[in-house]
Amino acid sequence: MTVTGQEIADYVDRVRAALADLPPAVRDELTEDLPEHLAEVAAEADGSLVDRLGEPEAYAAELRAAAGADAPAGNRRLAAARVRLGARLRALDTRLGPLLGYASTTDFLRLLRPAWWVLRGWLAALLVSAALGEPSGLLPRLGDSAVAGLFLLVGGVLASIWLGHRSERLRGWPRRLLRLGTAALVLFSFAMLVNVDQHASSEDFGYQEVSVGNPYDRVEDVFVYDSEGRLVENAQLFDQNGVPIRLGYPVCADPRQSSAYRSVRQGYPYCPELAPFQPRPPASTPAPPGVTASGSPTTAATPTATAAPAPTGAAPVPSPTR
């Protein structure tokens, strides 16, 4: 059904008639842009203006309540614009409702209120855990305790359900405070969703890799020592085919600062300052012949005279007598 120009004019006349008790200047300010607004609403979807915006008298009552007869002219124009925006949102609500199988989107969202109460309690518990600086994923924690976080979650959900049953009766600042808290939780939910997505798309999701088949998967560096226990730097490893063996991750922790740097070494170890064993003291060398352990030369032994053997057949030489 297409809305004609006459229907728009009739709707405007009925709105102005409902505001006839206001001063002409105030009435003109409230209905100044009403024909253009009605034309835009009529072009968005089929159906009469009454079906989408309600009766003209009800529309006029909203203008009167929002603007106030004693309000300044600028405030009246702002109030009229706010009422027109609300009317367009209601028209959009009615237009999208049949796509969901309901008369309006609001009717469909009312069915989801219990689910929102549970979600709101869960988000509130996560927000409290984050405000206390406790590490948490999808479940809140208190004092790094999952059990305490579970009690916080249950308490948050029960409190949210209790508040949901009584939110319709809230008026004034409690209702505005509830809306402000809801907006804060919605913003927090988007931030948490982005955080979870970033962790899910990265290689490290907060757990350490576990080697299943290869015992060298967890090797970070290789330290080669010689037979004397001394660290060999810039060592190269090759397999039986002459292919270089590459193990580890050349990222070193700076022992002087709480930071890390990437090693530029081509050989092993990548990080010699992190060697697991201290070098052995140099072994003592044996003293050369003729030198004691203290380094002083030794005294040569004096050879002793030995008697020469007597020739065969010679007479023994008698020993002298006294």
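Everything numeric here is computed off the predicted structure, so don't read it as measured data. (Residues numbered from 1 in each chain as written. Predicted model: local features only at pLDDT ≥ 70, side-chain atom pairs only at ≥ 80, totals over all residues. Heavy atoms only, no water.)

A short note on the UniProt feature "transmembrane region" (unreviewed entry) in the protein
Part 1 of the argument: As annotated by UniProt and renumbered to match this structure, "transmembrane region" (unreviewed entry) occupies residues 115-133, 145-165 and 177-196.
Part 2 of the argument: This span, residues 115-133, is 89% helix and 0% strand, and a straight line between its end C-alpha atoms measures 27 Å.
Part 3 of the argument: Secondary structure across residues 145-165 divides into 95% helix and 0% strand, with the first and last C-alpha atoms of the span separated by 31 Å. (UniProt positions renumbered as here; feature names shortened; annotations may be inferred. Helix = DSSP H or I, 4+ residues; strand = E, 2+ residues; numbered from the N terminus.)

Describing the nonpolar core
Part 1 of the argument: Ranked by size, the top nonpolar core spans 20 residues in total, and within it Y11, V15, L19, L38, L49, L53 and Y59 carry the most contacts.
Part 2 of the argument: Of all elements in the fold, only α1 (5-18), α2 (24-30), α3 (34-44), α4 (49-53), α5 (56-67) and α6 (73-96) reach the threshold of two or more residues within this core.
Part 3 of the argument: Counting 6 residues, the second-largest nonpolar core is a separate cluster that includes V219, V222, Y268 and C271. (Core = buried A, V, L, I, M, F, W, Y, C linked by side-chain atoms within 4.5 Å. Buried < 20%, exposed > 50% of the residue type's maximum accessible area, 1.4 Å probe, protein only.)

A word on the packing of helix α8 (residues 113-131) against helix α9 (residues 146-166)
Part 1 of the argument: Remark: α8 packs on α9, axes separated minimally by 7 Å, with the N-to-C direction vectors making an angle of 135°. When the axes of α8 and α9 are compared, the pair comes out oblique. The handedness of the crossing between α8 and α9 is right-handed. Residue-level inspection shows W117, V118, R120, G121, W122, A125, V128 and S129 of α8 in contact with α9, the latter providing L152, L153, G156, V157, S160, I161, L163, G164 and H165.
Part 2 of the argument: Taken together, the residues of the contact of α8 with α9 sort by class into 10 nonpolar, 6 polar and 1 charged. (Axes fitted to C-alpha atoms, helices over the stretch in contact; angles between N-to-C directions. Parallel < 35°, antiparallel > 145°, perpendicular 65-115°, else oblique. Left-handed = near helix turned anticlockwise from the far one by under 90°. Contact = heavy atoms within 4.5 Å. Nonpolar A, V, L, I, M, F, W, Y, C, P; charged D, E, K, R; others polar.)

Brief notes about the packing of aromatic side chains
Part 1 of the argument: According to the stated counting rule, one finds 4 aromatic pairs in the structure shown.
Part 2 of the argument: Each ring, one from Y102 and one from F108, has its centre 5.7 Å from the other, and the planes form 50°; the classification is tilted. (Phe/Tyr/Trp six-rings, centres within 6.5 Å; stacked < 30°, edge-to-face > 60°.)

A word on the side chain of S263
Part 1 of the argument: Note that S263 resides in the segment after β4 (259-262).
Part 2 of the argument: One polar contact links the side chain of S263 to the main-chain amide nitrogen of R265, over a distance of 3.2 Å.
Part 3 of the argument: A polar contact is formed between the side chain of S263 and the backbone oxygen of Y270, at a distance of 2.9 Å.
Part 4 of the argument: Non-local contacts of S263, meaning those with residues more than four positions away in its chain, are made with P250, C252 and Y270. (Polar contact = N/O pair within 3.5 Å; in protein donor to acceptor, adjacent residues only side chain to side chain.)

Things to note about α9
Part 1 of the argument: With 21 residues, α9 ought to run about 30 Å at 1.5 Å a step, and its terminal C-alpha atoms sit 31 Å apart, in line with that.
Part 2 of the argument: Considered for burial, the residues of α9 that qualify are G149, L153, G156, V157, S160 and G164. Buried residues along α9 cover an arc of 95° about the axis, so they all sit on one side. Seen from the open side of α9, the exposed residues pointing more than 90 degrees away from its buried face are V147, F151, L158, W162 and H165.
Part 3 of the argument: The backbone nitrogen of V147 lies 3.5 Å from a side-chain oxygen of the residue at the head of α9, namely S145. (Expected span 1.5 Å × (residues − 1). Arc of directions from axis to C-beta.)

Here's the deal with the side chain of S104
Part 1 of the argument: Mapped onto the secondary structure, S104 falls in the loop between α6 and α7 (105-111).
Part 2 of the argument: A polar contact is formed between the side chain of S104 and the side chain of D107, at a distance of 3.2 Å.
Part 3 of the argument: Contact partners of S104, with chain neighbours within four places excluded, come to D93, T94 and G97.

Points about the pattern of salt bridges
Part 1 of the argument: Taken as a whole and assessed by the stated rule, the structure comprises 6 salt bridges.
Part 2 of the argument: One salt bridge in this structure joins E55 and R14, with 3.2 Å as the shortest N-O distance. Of this pair, E55 sits in the loop between α4 and α5 while R14 sits in helix α1, and the two are 41 residues apart along the sequence.
Part 3 of the argument: A single salt-bridge network, built from bridges that share partners, covers R14, E55 and E57. (Salt bridge = Lys/Arg side-chain N within 4 Å of Asp/Glu carboxyl O.)

Concerning the pairing of strand β3 (residues 251-254)
Part 1 of the argument: Here β3 shows a buried face lined by C252 and D254 and an unburied face lined by V251 and A253.
Part 2 of the argument: When β3 meets β4, the two strands line up antiparallel, connected through 4 bridges. Looking at the pairing, A253 lines up with A260 of β4. (Pairing = 2+ DSSP bridges.)

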